[in-house]
Amino acid sequence: MTTETTNRMDLTFQKLKTEGRAALIPFLTVGDPDLETTLDIISELEAAGADMLELGVPYSDPLADGPVIQRASSRALRSNVHLRTCMETALKARQAGSELPFILFTYYNPVMQMGLDTFFAALDAHEISGLIIPDLPVEESEEMRERSRAAGVNLIPLVAPTSSERIARIVSGASGFVYCVSSLGVTGERSAFHSGIDEFIASVRRSTDLPIAVGFGISTGEQVSRFAKICDGVVVGSAIVRKVEEVIPLLAEPQTRSAGLLQIREFVAQLRP
Amino acid sequence: MIQVPDKDGRFGSFGGRFVPETLMTALIELEEAYREFSADPAFQEEIDYLLKQYSGRETPLYYAERLSKHLGDAKIYLKREDLNHTGAHKINNAIGQGILAKKMGKTKVIAETGAGQHGVATATVAALLGMECKVFMGEEDTRRQALNVFRMKLLGAEVIPVTSGSRTLKDAGNEALRYWVSNVEDTFYVLGSAVGPHPYPMMVRNFQRIIGDETRRQILEAEGRLPDLLVAAVGGGSNAIGMFYPFMEDEQVAMIGVEAAGKGIDTPFHAATMSKGTRGVFQGSLSYLLQDEHGQIIEAHSISAGLDYPGVGPEHSYLKDIHRAQYVPVTDAEALDALKLLCVTEGIIPALESAHAIAHVVKLGKTLTKDDVVVICLSGRGDKDVESIMAYTEGAQNQ
């Protein structure tokens, strides 16, 4: 299908495969602390060597997220950032020259309220290559899967260490990549991963030909390297959002803004495997 | 009527399981364990024993003669769930889920609580069954219900104040779910209302249906016929669904769920999910909820902490859509007046939650006739609310 071969995410994974390296996938809460800064941070992340980008849509009740992303969501919501604004931000980043594939990370309710027709009609025009909807398990996702396929957008399935016999069903018919949740729990940095993590990732590998990425709790360059050896992509979320939070005071002042952005860039650059 | 929920936990188009994949295996295990043990007579016997010997069931169906006479001609009965151990219907569900947790080999339980009634009930059952208990409670509610916080601590539970979001019941529920995701291997989540992902709405309804089962038997004994109307307060909706469910097939029995209108449904300060809400996904299921046009959940408001919730159980949304039950709003002020009325006519201090149900019957007043038999679910006692009633009354006087 032509729609699949032109998907920017798929092309990136193909390119990385020939280069023999894993994708570094930073996560960013859109609108934290404001939309203009988000656009600046996107270009810093690209310069730091990000291969694709998860754009987090702020939500009032982020069930799968730990305190760091909860706080970022609250800050973004105070600036009235919603699903539509996040999609517009992706388009603006593209117009500003970004080449990164964009993955929209959103809870299901904002999508439902926008209406699936409107949402899917807008995705392509806003340069979105993939979707992650953390509260939409395979049992509830049939319509979203069909519509994503028709729209040429990858609906990324999540598998957890506890998914075991569910894995086959979850990955069948999926596109893009399979997102392995590294540990039980919400998003946020941690030093220990689920004890059976390597066996878990190996079992996902046996179940699918798609690239697999791992995320939740990965925060250091050392951890990224560990997983880059056995996966095709590594997602770093809360650690970057925390870095953004740290430099908010710098970003707020014109004379220190570029220093703040540089700190974010340097943090992400040293994550690269 | 068709049996709900279906195998995917759907009540018509409502319900389902909108949770992170990390929880799916736990929810499926829970559903399987629940189905397995419910088919085992020994499980039900153990629950029945505790409901009777420990909680004091059955609870009376009391003919409130002075209230009836005060309001007009109808006969009004009160189902006295307030006379349960711990003072509310919440113990019915906590005993059921507690026994299930024990059968499943779990050693730790967690719960969310708003007014504190479900937290107290869970802490009580955890003490009784020798389990470790953590209760998540919005920081705002820990202030409004300080007495219940102390009660839970006395019972050996750890109370964890939740500081995210609006710091009330919905945030306590979010935090309990987040904690459960991280500790799913040894922890049982005792969910307190008929909300959340499947199988909770079904399971909580089934543990609460004893309210309606007893009422049915008792009213047949007292009146020789079924009631014309059942009235119950609806936050998440567990006492209401427990009261309604056994009457579902009896078309002559009307059902009214009463939700909190706070300062009025045309102000931003209410919890009237059915009157003002729209369909959406919240805390694991599809139902009516209070949200803005972007799908962000709106904070609810009610004088009653137990009704201060922007969602509602999916089975209630279903009953509303198929017109089997009707849902009406009652304001803070109306609920308070009804509370005072019940105090002076019957010598019963109802919980603020239950006072909403009474207030609606007060409103119906003269439209009821002498042939009407009405049952109100008096879901809890009001001792826990005395302080907030004082504060509200004094506040109103000072305005």
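Residue numbers run consecutively from 1 along every chain, following the written order of its sequence. Lettering for chains starts from A, numbering for ligands starts from 1, and both go in the order in which the items are written. Residues qualify for local features only when their pLDDT is at least 70, as the model is predicted, and side-chain atom pairs are given and counted only at 80 or more; totals for whole chains, interfaces and linings, by contrast, use all residues. Excluded from the side-chain calculations are hydrogens and water; all other atoms, namely the structure's heavy atoms, are used.

## Looking at the UniProt feature "domain: Tryptophan synthase beta chain-like PALP" (unreviewed entry) in chain B
Going by this rule: UniProt positions are given in the numbering used here, feature names are shortened, and annotations may be inferred rather than shown by experiment. Helix numbers and strand numbers start at the N terminus; a helix is a DSSP run of H or I with at least 4 residues, a strand a run of E with at least 2.
According to UniProt, the feature "domain: Tryptophan synthase beta chain-like PALP" (unreviewed entry) maps to residues 56-380 of chain B in the numbering used here. Helix makes up 41% of residues 56-380 of chain B and strand 20%, and the two end C-alpha atoms of the span are 14 Å apart.

## Notes on the pattern of salt bridges
Just so we agree on the cut-off: Any Lys or Arg side-chain nitrogen located within 4 Å of an Asp or Glu carboxyl oxygen qualifies as a salt bridge. Whether a residue is buried, partly exposed or exposed follows from its accessible area with a 1.4 Å probe, protein chains only, as a fraction of its type maximum: under 20%, in between, or over 50%, in that order.
Under the criterion given, the structure shown has 50 salt bridges over all chains. A salt bridge links E31 of chain B to R35 of chain B, with the shortest nitrogen-to-oxygen separation between them at 3.0 Å. Taken together, the positions of E31 of chain B and R35 of chain B, both in helix α1 (residues 21-38) and four residues apart, correspond to about one turn of that helix. One salt bridge connects D250 of chain B with R216 of chain B, and the closest N-O pair in it is separated by 2.7 Å. Within this pair, whereas D250 of chain B is found in the loop between α11 (238-244) and β10 (254-262), its partner R216 of chain B is found in helix α10 (residues 210-223), the two being separated by 34 residues in sequence. According to the relative accessible area criterion, R216 of chain B is partly exposed, its value standing at 24%. Here the salt bridges share partners, and the residues they tie into one network are R8, R94, E99 and E127 of chain A.

## Observations regarding the pairing of strand β6 (residues 132-138) of chain B
Residues and elements named next belong to chain B. Quick note on the threshold: When DSSP finds two or more bridges between two strands, those strands count as paired. Orient the strands so they point away from the viewer, and a crossover whose first-strand-to-second-strand path over the helix runs clockwise is right-handed.
Counting buried residues in β6 gives six out of seven residues, a clear majority hidden from the surface. Pairing between strand β5 (residues 108-113) and β6: six bridges, direction parallel. Its bridge partner lying in β6, K108 is registered against E132. Taken together, β5, helix α5 (residues 117-129) and β6 constitute a β-α-β crossover, and its handedness is right-handed. Bridge count between β6 and strand β7 (residues 158-162): five bridges; the pairing is parallel. Following the sheet pairing, V135 is matched in β7 by V159.

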